[in-house]
Amino acid sequence: MPIQTIYRGVEGDSSKKFTAGSAFDTAQANDEYLDSVKPTVIENVAALASTPVVAGKVYYLKEYNSGTGYGGGDLEAYVGVDTPNNGTIFATATAGTLLKRINADFLSVEHFGAQRGASDSTTAIQAFIDAHPNGSDVNFGPYKYTHTATIYLKYQGIFLKGRGPFATDLEFVNAAGGTAMKANSTTAIIDGAGFSGINFTADVSTGPDITIDFSGFSYSVFENFEIYNPRPNAVLMKGYGNLGTAPYFNSIDKFRLFGGTDRTQTGMLFTNGAWAGGSRGPNANSITNMMRAGNLKRVIDLKEGQGNTFTNICAESVDDHMIILNDIASYVDNGTATAGANVTLTDSSKAWTSNAFLNYSVTITGGAGIGQTRKITTNTATVLTVSPAWGVKLDVTSTYAISMLGAFENKFVNVRQEGLSTLNPNFITCMPGALGNSLTQASVVSLGSGKANNDLSGHPSNQLSNGRYMMITEVIENPGASANINIWTKTSVLGGLGVGDAYSVEWMQIKCPGIVSGTATFTLDVGGSTVGGGSPTLTTTLDAVLVNDAFVASTNKEAVSSLNNGLFLNITTDASMNSSTDFVVTVCVVVH
């Protein structure tokens, strides 16, 4: 057979060749060849500063940080002017020559120097993001990583990807607090970013004030995650409005939120004010599958925001509220009425800008008509026009406050709360200024003396009772003067109108073609043995001021049993009531 010549080292170097059958057999020859081409080993990134390199040669980085055993890989030297990022491109001890990662189909934060455990990985994680301005998966292993400052996602397509919230922990540690994660250090908006598979965790004394600030994101996805933040008064997820451009059309899905044992934390806070000009808060975001939230003061505090949808929301161990809408601290303006009519409030001391309060709300805070809240449809310099009509007419004793429209047309579907009966939390509260919000399919237990539906908005567009809405209408023709008529009659403690096993009253509206003279008073009682003795009682009086219609919203929308709690309706008129006046009464109830 022919002699086989085997080379090792540089091709053509005859001093490095031997033939089969010599002292070296073929297997030994192959081993020596591999040794000759094996990359030079660099122990860690710190050693790069003292390691000269040759362009075109491959080097092997043993580990990123000394003693860790991970973050290494193949590097190739080349001449270039790229900016080192300490993850995929490295500076070297040889001037003008850099090292770049090769054969790296999968990159994680460990390739940029992130360390497992308590070491600070803020710089490494941010370096990975900064090295990918065109977007990338930012991969985390099934370990805990620690950061001490805000992580900024910064770019479209940046997606932090852990191995699941029971595997990957990202812990924020900073006694001064701060924000754990947000879009940018500026007001720039990111489209199409997000994270998945991460447990954002913290300690009671070193956790962030805000875990996730999603204000600068739009069209982004945050899914399959958990947040645990026991820092007192912390906010786990916070969104500020930005003139309708963010946060906008984000998806928040499959997540859990947990506060501390003091229950002072807020799960989700929607508000405005972070950006120049402000706005009405986050809008058109989809929040779904909140699998569990607990140990929180408030689960959802939606001060301002429009068109957000919340579906499949579950919480327990709630201190104050499952949901609260339009809880804005201060009023826009206030004063005392100088006159009032069917649908107006006049304050001659004002000089308002025309329609400055369009779609805001006005609440009567004292004097005649106290407790009524109405939507402002228009305003002049001195007159507010409202809808629906006042249920109790105003006079010069009527004080008022104007609330901005904050929570608007938000929808809640399939919501379950188990409160803490010893803390008496409310399930949902709707403050004045909120409009068009709705709740359907809710399960509520353990509220103690808290309310399931604490609707203080005074406006029928908010439908927050859990049940089937039903309208009941009665036509009362020519009751005449000095009338006292039980439309729905009491008979001892029974009688009245039955509307199912359990029900609540939303509102009552009275319409008539016009009263020439006299007054008519309508009283609607839920239970009770005398007129005006119900719980609650709704009453309104029509006269030449409230001439066309009147509207009264219930401030007690808690479900009651129909047993001994029928609906009773009574009308009385005075001696000067003209005999040709007819009335139409509509009552809205919810059957639970």
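Below: a short report on this structure. (Residues numbered from 1 in each chain as written. Predicted model: local features only at pLDDT ≥ 70, side-chain atom pairs only at ≥ 80, totals over all residues. Heavy atoms only, no water.)

1. Focus: the side chain of threonine 92
Then, in step 1: For threonine 92, the position within the fold is in the loop between strand 6 (89–91) and strand 7 (97–101).
Then, in step 2: On the accessibility criterion, threonine 92 (17% relative accessible area) is buried.
Then, in step 3: Among the polar contacts listed, one links the side chain of threonine 92 to the backbone oxygen of threonine 94, at a separation of 3.1 Å.
Then, in step 4: Within the structure, threonine 92 has its side chain in polar contact with the backbone oxygen of threonine 97 (distance 2.6 Å).
Then, in step 5: Leave out the neighbours within four places in its chain, and threonine 92 touches Leu48, Thr51, Val53, Thr97, Leu98 and Leu99. (Helix = DSSP H or I, 4+ residues; strand = E, 2+ residues; numbered from the N terminus. Buried < 20%, exposed > 50% of the residue type's maximum accessible area, 1.4 Å probe, protein only. Polar contact = N/O pair within 3.5 Å; in protein donor to acceptor, adjacent residues only side chain to side chain. Contact = heavy atoms within 4.5 Å.)

2. Structural notes on the sheet that holds strand 26 (residues 339–340)
Then, in step 1: Spatial ordering of the open sheet is given by 25-31-28-29-30-27-26, a layout of 7 strands whose pairing is antiparallel. Edge strands, defined here as strands with exactly one partner in the open sheet, are strand 25 (333–336) and strand 26.
Then, in step 2: With 4 bridges connecting them, strand 25 and strand 31 (residues 399–403) associate as antiparallel partners. Bridging from a neighbouring strand, threonine 336 pairs with threonine 399 of strand 31. (Pairing = 2+ DSSP bridges.)

3. What about the layout of surface pockets?
Then, in step 1: There is about 370 Å³ of room inside the largest pocket.
Then, in step 2: Along its surface, the largest pocket is lined by 25 residues, and Ile370, Gly371, Gln372, Ala553 and Thr555 are the ones closest to its centre.
Then, in step 3: For the lining of the largest pocket, the secondary-structure elements that each account for two or more residues are strand 29 (373–379), strand 43 (537–542) and strand 44 (549–553).
Then, in step 4: Quantified by volume, the second largest pocket comes out at close to 210 Å³.
Then, in step 5: The residue makeup of the lining of the second largest pocket, split by class, is 9 nonpolar, 6 polar and 2 charged. (1 Å grid on protein atoms, 1.4 Å probe; cavity = no way out; pocket = protein on both sides within 12 Å on 5 of 7 lines; lining within 4 Å. Points joined across faces, edges and corners; volume = space filled by probe spheres on them. Nonpolar A, V, L, I, M, F, W, Y, C, P; charged D, E, K, R; others polar.)

4. Some thoughts on the environment of aspartate 253
Then, in step 1: Counting through the fold element by element, aspartate 253 comes out in strand 20 (residues 251–258).
Then, in step 2: Between the C-alpha atom of aspartate 253 and that of asparagine 289, which follows or precedes it by 36 residues, the distance is 5.6 Å.
Then, in step 3: Each residue touching aspartate 253, except ones within four places of it in the same chain, is listed here: Phe222, Glu223, Asn224, Phe225, Thr288 and Asn289.
Then, in step 4: Within the structure, aspartate 253 has its side chain in polar contact with the side chain of lysine 254 (distance 2.8 Å).

5. Let's talk about the packing of aromatic side chains
Then, in step 1: Here the structure, examined in full by the defined rule, presents 20 aromatic pairs.
Then, in step 2: Ring geometry for tryptophan 352 versus phenylalanine 357: centroids 5.5 Å apart, planes at 80°, classification edge-to-face. In this pair, the class of tryptophan 352 matches that of phenylalanine 357, namely buried.
Then, in step 3: Look at tryptophan 352 and tyrosine 400: their rings are 6.4 Å apart centre to centre, the planes differ by 80°, and that puts the pair in the edge-to-face class. Taken as a pair, tryptophan 352 in the loop between strand 27 (344–346) and strand 28 (361–366) and tyrosine 400 in strand 31 lie far apart in primary sequence, 48 residues in all.
Then, in step 4: Just above the ring of tyrosine 70 sits the side chain of arginine 116; from NZ or CZ to the centre is 4.0 Å.
Then, in step 5: One Lys or Arg, arginine 116, reaches over the ring of tyrosine 143 and ends 3.8 Å from the middle of that ring. (Phe/Tyr/Trp six-rings, centres within 6.5 Å; stacked < 30°, edge-to-face > 60°. Lys NZ or Arg CZ within 6 Å of the ring centre and 35° of its normal.)

6. Some details on the pattern of salt bridges
Where side chains of opposite charge bring their charged atoms close, a pairing between them can arise.
Then, in step 1: Within the structure shown, the criterion is met by 19 salt bridges.
Then, in step 2: Notably, a salt bridge pairs glutamate 110 with arginine 116, separated by 2.7 Å at the nearest N-O pair.
Then, in step 3: Judged by relative accessible area, which is 7%, glutamate 110 ranks as buried.
Then, in step 4: Using a relative accessible area of 31% as the deciding quantity, one classes arginine 116 as partly exposed.
Then, in step 5: When salt bridges with common partners are traced through the structure, they connect Arg298, Asp301, Lys303, Asp320 and Asp327 into a single cluster. (Salt bridge = Lys/Arg side-chain N within 4 Å of Asp/Glu carboxyl O.)

7. A short note on the side chain of serine 504
Then, in step 1: Inspection of the secondary structure puts serine 504 in strand 41 (residues 502–511).
Then, in step 2: The exposure class of serine 504 is buried, given its relative accessible area of 2%.
Then, in step 3: Serine 504 has contacts with Ser465, Lys557, Glu558, Ala559, Cys588, Val589, Val590 and His592, leaving out every residue within four places of it along the chain.

8. What about empty space enclosed by the protein?
Then, in step 1: Counting across every chain of the model gives 1 cavity of 30 Å³ or more.
Then, in step 2: Volume-wise, the largest cavity comes out at about 40 Å³.
Then, in step 3: Around the largest cavity, the lining residues are His147, Leu170, Phe172, Ala180, Phe200, Thr201, Ala202, Pro208, Thr211 and Tyr228.
Then, in step 4: Those elements that provide at least two residues to the lining of the largest cavity are strand 12 (169–172) and strand 15 (194–201).
Then, in step 5: Counted by class, the lining of the largest cavity contains 7 nonpolar, 3 polar and no charged residues.

9. Some points on helix 2 (residues 122–130)
Each full turn of the α-helix corresponds to 3.6 residues, which orients residues three or four apart in the same direction.
Then, in step 1: Of all 9 residues in helix 2, 7 are buried, a share of seventy percent or more.
Then, in step 2: Within helix 2, burial applies to Thr122, Ala124, Ile125, Gln126, Ala127, Phe128 and Ile129.
Then, in step 3: Those residues of helix 2 hidden inside the fold are in contact with strand 8 (136–139), strand 9 (144–147), strand 10 (151–152), strand 11 (158–161) and strand 12.

10. Looking at the sheet that holds strand 5 (residues 73–79)
Then, in step 1: Spatially, the 5 strands line up as an open sheet ordered 3-4-5-7-6, and their pairing is mixed. Where the open sheet ends on each side, the last strands, each with one partner, are strand 3 (40–42) and strand 6. Each strand of the sheet is rotated relative to its neighbour by a mean of 35°, with strand direction disregarded.
Then, in step 2: Direction of pairing for strand 3 relative to strand 4 (residues 58–61): parallel, over a ladder of 3 bridges. (Axes fitted to C-alpha atoms, helices over the stretch in contact; angles between N-to-C directions.)

11. A short note on the environment of glutamate 418
Then, in step 1: Structurally, glutamate 418 is set in strand 33 (residues 411–418).
Then, in step 2: We classify glutamate 418 as partly exposed; its relative accessible area is 28%.
Then, in step 3: For the pair glutamate 418 and valine 445, spaced 27 residues apart in sequence, the C-alpha to C-alpha distance is 5.0 Å.
Then, in step 4: Setting aside chain neighbours within four positions, we find glutamate 418 in contact with Ala315, Glu316, Ser317, Val318, Val445 and Ser446.

12. A short note on the nonpolar core
Then, in step 1: Residues Leu160 and Leu257 are the most contacted members of the largest nonpolar core, which totals 62 residues.
Then, in step 2: Leaving out residues up to four positions away in the same chain, leucine 257 has contacts with Ile227, Leu236, Met237, Gly267, Met268, Met290, Arg292, Ala293, Gly294 and Leu296.
Then, in step 3: Counting 26 residues, the second largest nonpolar core, distinct from the first, contains Ile472, Val505, Ile515 and Phe583. (Core = buried A, V, L, I, M, F, W, Y, C linked by side-chain atoms within 4.5 Å.)

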